[in-house]
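Secondary and tertiary structure notes
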Amino acid sequence: MPAAPRIAPSVVFTPLEWAPFQTRSAWAGPLLVVHCWVVIALAVAAGVVLPWLIPLCVMIVGTRQLGLAILMHEAAHGGLSKSPRLNDFLGHWLCAVPIGASLAAYRPYHLTHHRFAQQAEDPDLMLSAPFPVSPASLRRKLIRDLTGQTFFKQRVLLPLAQRRETRPAGATHDYEAVVTGRSVLPFLIFNAVLLAGFVAAGAWWAFFVLWLLPMATWFPMVTRLRNIAEHACVEGSAVDPFRAARTTRAAWWERAFIAPYWVNFHAEHHLFMHVPCWKLPALHRAIHARPQAQAMEVSPGYLDVIRTATRRPA
């Protein structure tokens, strides 16, 4: 099958208009990585000092664990630093490894997704193809996420199955193998060091409650919502590059608890995938000042995405 349709920036912008979106910052990417870890550290500290805040802290840490995955995704496009070496170091060791992923494994997988977006060769197609589903079906999926069942399958069953060169029942998505199946040892080493740090700080329990618990519950759920919002129920991607993905307008609370680091601007990202993530809001405004933007799929929020994705009757 041919690759997904593309569009040149010159079709939408003049060279002068496009120039700001081509430049890369030496400091923005590293600062985003620092920001993500600072938010995680502050949320953990708040949960230790004020235990009644633990449910809120679990949500914040889980969303920033997704933030690490998003910054790994940015590194896969070379967007975290002008230096390829620093880009890959940050993307792998400070973003991918802590959540059990591998930048080297993720990059070719993800670029294949861009090349064949929403076509048969797209390795992410299984994330969007089942939708729309019934509300009960999505509810069951979210319950599996929030109760740790998804985490157990990805972090325990899948690595064991790969060692036996088999796959557990229902493991049909290649992303699980790429993100969680090939990076077990670095993930375990990182978490052992992190646990030692919590023990040294006299708060060993916080490692389990404020790091592993978010990873086992909130992180899988918001990852699922992100995946649904990006491509589910978007028609026309085979012929129109403006229909390759969905952009979701996110309120402040959605950016805090569901969609950090501008991941909601996914239609713009698929149009021009080398634009750094922190420039996507400006790119969104620039595109929507042009008539071509009328073809784009834009949702007013994640609740609207859920309604769209659950239109199938029970």
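Here is what the cut-offs are and how they apply
Residues numbered from 1 in each chain as written. Predicted model: local features only at pLDDT ≥ 70, side-chain atom pairs only at ≥ 80, totals over all residues. Heavy atoms only, no water. Helix = DSSP H or I, 4+ residues; strand = E, 2+ residues; numbered from the N terminus. Buried < 20%, exposed > 50% of the residue type's maximum accessible area, 1.4 Å probe, protein only. Contact = heavy atoms within 4.5 Å. Areas by Shrake-Rupley, 256 points an atom, 1.4 Å probe, with all protein chains shown as cover. Patch = residues over 30% accessible without salt bridge, like charges linked within 9 Å, V, L, I, M, F, W, Y side chains within 5 Å. Salt bridge = Lys/Arg side-chain N within 4 Å of Asp/Glu carboxyl O. Disulfide = S-S within 2.5 Å. pLDDT = per-residue confidence, 0-100.

**A closer look at the overall build of the chain**
Within the chain, the regular secondary structure consists of 17 helices and 2 strands. Seen along its three principal axes, the alpha-carbon backbone of the chain occupies a region of about 60 × 50 × 40 Å. Counting all 314 residues of the chain, 54% fall into the buried class. Sequence-distant contacts in the chain: of pairs separated by 6 or more residues, those separated by 24 or more amount to 72%. On the chain, roughly 14400 Å² of surface is accessible, and the fraction owed to carbon and sulfur atoms is 67%.

**Let's talk about the environment of His114**
Within the secondary structure, His114 is located in helix H6 (residues 103-115). Note on His114: relative accessible area 0%, which makes it buried. As a C-alpha pair, His114 and Ala244 span 130 residues in sequence and 9.2 Å in three-dimensional space. Setting aside residues no more than four positions away along its own chain, His114 makes contact with Ala4, Arg6, His73, His77, His269, His270 and Met273.

**Things to note about a nonpolar patch on the surface**
Together, Trp27, Leu31, Val34, Val38 and Leu42 give the surface a local cluster of nonpolar side chains, amounting to about 530 Å² of exposed area. Mapping Trp27 onto the fold places it in the loop between helix H2 (15-22) and helix H3 (28-49). Assessed through its relative accessible area of 58%, Trp27 is described here as exposed.

**What about the state of the cysteines?**
Under the counting rule described, the total for this entry stands at 0 disulfides. Summary of cysteine pairing: Cys57 is not part of a disulfide, and the nearest cysteine sulfur, belonging to Cys36, is at 15 Å.

**Section: the confidence of the model for the chain**
The pLDDT averaged across the chain works out to 91; a share of 91% of its residues lies at or above 70. Segment residues 168-172 is flagged for pLDDT under 50; beyond a separation of four residues in sequence, or across chains, it makes 7 contacts in the model.

**Observations concerning the side chain of His113**
By the element assignment, His113 lies in helix H6. Not counting residues within four places of it along the chain, the set of residues in contact with His113 comprises Asp122, Pro123, Asp124, His231, His266 and His270.

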